[in-house]
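Fold and contact review
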Amino acid sequence: MNTIFKIKFFAVASIVAMCFVASSCVDNDGDQIAPVTSTLYDEITKDKELSDFVEVLKACNIPSATNSSEKIDVADSLFNTSRVYTVWAPVNGSFNKDSLIARVNAGYREDVMKTFVGSHVANFLKPAKGNFGEEGELILMLNEKKLLFAGSYKDNEGYPFDGRRLKSVNNRVRNGIIHKLESASVYLYNIWEYIDIYSKESQVYKVDSLVNYLYSFNDTTFSEWMSIPGPIVNGEETYLDSVFLFENKLLNKFGGVSALNNEDSLYTFYLPTNEAWNKMIAQAEKHFNYVITPTITDTVLVDSLRNYHPRFNIIKYLTYSENEQKFVQDKDSIMPAQNQGLRKRFARADVEKYVVETKELSNGTMKVVNEFPYSVFDLWHDTIRIEAEALSYLDKDLTVDRNWITTYTVSDKDINKKAGNKL
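Residues numbered from 1 in each chain as written. Predicted model: local features only at pLDDT ≥ 70, side-chain atom pairs only at ≥ 80, totals over all residues. Heavy atoms only, no water.

**A closer look at the packing of aromatic side chains**
For the structure shown, the criterion picks out 16 aromatic pairs. With 6.3 Å between their ring centres and 75° between their planes, Phe149 and Phe161 make a pair best called edge-to-face. Residue Phe149 is located in strand β8 (residues 146-149), and its partner Phe161 is located in the loop between β8 and β9 (166-173); the two are separated by twelve residues in the primary sequence. On the accessibility criterion, Phe149 (0% relative accessible area) is buried. Here a set of aromatic residues connected by ring pairs shows up, and it is made of Tyr187, Tyr189, Tyr194 and Tyr198. Looking at Arg103, its charged tip hangs above the ring of Tyr108, at a distance of 4.1 Å from the centre. (Phe/Tyr/Trp six-rings, centres within 6.5 Å; stacked < 30°, edge-to-face > 60°. Helix = DSSP H or I, 4+ residues; strand = E, 2+ residues; numbered from the N terminus. Buried < 20%, exposed > 50% of the residue type's maximum accessible area, 1.4 Å probe, protein only. Lys NZ or Arg CZ within 6 Å of the ring centre and 35° of its normal.)

Right, dumping it as structure tokens:
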């Protein structure tokens, strides 16, 4: 499918039609304003103080779907439409323009669009006016980060945005409002975003074995109804803005790594090096052996299950919720965020002694570990709880005889249901 313009960081695009009459108009605060004909694009591109911002936008231009020799003007596509935005535009010299452009040229265009452009643009009108209250207002930006547009007007402070002073406010145009920032907002990655970047860019510790496994469960689907249609080209629909929905079933607390992409939670995530990960996998796979029987004959399926279970059980013990940690009575221990079955506690000191690098992020902390503090028995051979009526098991001292194994028959139906997981 041809795509005229695609920005993946739009979560749910909100289209707001603005109607203006010849004499006057009413804004969303009920104030009468003079009619305006200029757009965000007109004002931003002609403002000499915003030329660096415009240059970064131009660097992000993309080839046209109909003519590869031509490029789509990103600034025009964003700011010369009927969609209403508030733009907190950083003035010249408040950010490193050259490094952003170099990053685009190095193949990280979408990252720059998300981390830089998306940190300065939000849907709807957000004027600097009156009193927002003591805590201000959290603004949902186009990159889905929430930034604080703060408080009431104060001498020498104005209306700070993400802790940055505003140089000028409330330049109202036909399709939005422009505030000018004295310094650019700095994007903070969450844990889920950063581990992917770290796995590609780290020159010291290699961690791509686990990260590639986690990211292999990503599922991105195109949402036609959320996307903005463009013209028909060669009989096919094109889109001015293509919206993609993201899902990863491991981003949950029921056996996965919890919602490491959630900005409203705080986690500590222990990221193993390739050496630590592969060492534990090699140990674990020895304990997951599936025997070919007349009922289970699919060797590919058996190998898949043997691949899946060791990895699935390890990742459950990599994430710790700072919000839940306050409920742990023994403050020297930590409790995994995974909420499937019995949640074991581990001594914090045992885990922390293997930490070789730490990174503070928007929703917690990533810590690289060069060794796992757990044994195979810690993770899989947990306490076996027996119901009282199972008298035949009472002669087994399960806390001592850890090699005691319970066997049972798995039907084709059961194993095929398990194979429905992405292995």
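From this point, the discussion proceeds with the structure in view.
**Some thoughts on unusual backbone geometry**
Note on backbone geometry: most residues besides glycine have negative phi, and most peptide bonds are trans. Not every positive phi belongs to a glycine, and Asp162 is a case in point at roughly 50°. Within the chain, Asn170 stands out as a residue other than glycine whose phi angle is a positive 60°.

**Brief notes about the nonpolar core**
If you look at the biggest cluster of nonpolar residues, it comprises 44 residues, and the most contacted ones within it are Ile195, Leu214, Phe269, Leu271 and Ile315. Contributing elements (two or more residues each) for this core: α6 (191-201), α7 (208-215), β13 (267-272), α8 (274-285), α9 (299-315), β18 (364-369) and α12 (376-379). Of all the elements, α6 adds the most residues to this core, at six residues. The contact partners of Leu214, leaving out residues within four places of it in the chain, are Trp192, Ile195, Asn248, Leu250, Val257, Phe269 and Ile315. Core analysis: the second largest hydrophobic core is formed by 29 residues, Val87, Ile101, Phe116 and Ala184 among them. (Core = buried A, V, L, I, M, F, W, Y, C linked by side-chain atoms within 4.5 Å. Contact = heavy atoms within 4.5 Å.)

**Points about helix α2 (residues 51-59)**
Turning to α2, its buried residues number three or more, namely Asp52, Phe53, Val54, Val56 and Leu57. Where the residues of α2 are buried, they touch α1 (40-46), α3 (74-79), β5 (85-90), α4 (97-105) and α5 (109-115).

**A short note on the sheet that holds strand β6 (residues 121-123)**
Think of a sheet as strands paired side by side through backbone hydrogen bonds, with each pair either parallel or antiparallel. One open sheet accounts for four strands, arranged β6-β5-β10-β9; its pairing is mixed. Edge positions in the sheet fall to β6 and β9, since each of these pairs with one other strand and no more. Shown here is a sheet whose adjacent strand axes are inclined to one another by a mean of 15°, direction ignored. Alignment of β9 against strand β10 (residues 176-181), held across five bridges, turns out to be antiparallel. Paired with Arg172 across the strands is Ile177, a residue of β10. (Pairing = 2+ DSSP bridges. Axes fitted to C-alpha atoms, helices over the stretch in contact; angles between N-to-C directions.)

**Digging into the pairing of β5**
For β5, the buried fraction is high: six of the six residues fall into the buried class. Judged by which residues are buried, β5 turns out to be covered on both faces: Tyr85, Val87 and Ala89 on one side and Thr86, Trp88 and Pro90 on the other are all buried. Note that β5 and β6 share three bridges and pair antiparallel. For Val87, the partnering residue across the bridge sits in β6 and is Val121.

**Thoughts on the pattern of salt bridges**
Inspection of the entire model under this criterion finds 19 salt bridges. The salt bridge involving Asp47 is made with Lys180; its shortest N-O contact spans 3.1 Å. Here Lys180 lies in strand β10 and Asp47 lies in the loop between α1 and α2, a separation of 133 residues in the sequence. On the accessibility criterion, Lys180 (12% relative accessible area) is buried. Ionic contacts of the salt-bridge type, sharing partners, join the residues Asp47, Glu49, Lys167 and Lys180 into one network. (Salt bridge = Lys/Arg side-chain N within 4 Å of Asp/Glu carboxyl O.)

**Concerning the sheet that holds β13**
The strand order across the open sheet built from four strands is β14-β13-β18-β17, with neighbouring strands paired in mixed fashion. Of all strands in the sheet, those bounded by a partner on one side alone are β14 (319-321) and β17 (355-361). This sheet shows a mean twist of 15° between the axes of neighbouring strands, independent of strand direction. Sheet analysis places β13 next to β18, joined by six bridges and oriented parallel. The residue of β18 that forms the bridge with Phe269 is Met366.

**Some points on the packing of α2 against α4**
Running from N to C, α2 and α4 cross one another at 5°; their axes reach a closest spacing of 9 Å. The orientation of α2 relative to α4 falls into the category roughly parallel. Contacts between α2 and α4 involve Asp52, Glu55, Val56 and Ala59 from the first element and Lys97, Leu100, Ile101 and Val104 from the second. Residues belonging to the contact of α2 with α4 are distributed by class as follows: five nonpolar, no polar and three charged. (Parallel < 35°, antiparallel > 145°, perpendicular 65-115°, else oblique. Nonpolar A, V, L, I, M, F, W, Y, C, P; charged D, E, K, R; others polar.)

**Structural notes on α4**
Every buried residue of α4 is listed here: Lys97, Leu100, Ile101 and Val104. All buried residues of α4 project into a common sector of 95° when viewed along the axis, lining one side. Contacts from the buried residues of α4 go to α2 and α5. With a side-chain oxygen lying 3.3 Å from the backbone nitrogen of Asp98, the N-terminal cap of α4 falls on Asn96. Remark: Gly107 follows α4 within two positions and exhibits a positive phi of approximately 105°. (Arc of directions from axis to C-beta. Polar contact = N/O pair within 3.5 Å; in protein donor to acceptor, adjacent residues only side chain to side chain.)

**Regarding the pairing of β13**
Among the six residues in β13, six count as buried, and that is most of the element. By the alternation rule, side chains of β13 split into Tyr267, Phe269 and Leu271 and Thr268, Tyr270 and Pro272, which are all buried. Both β13 and β14 contribute to a ladder of three bridges, which runs antiparallel. Bridge pairing links Tyr267 to Ser321 in β14.

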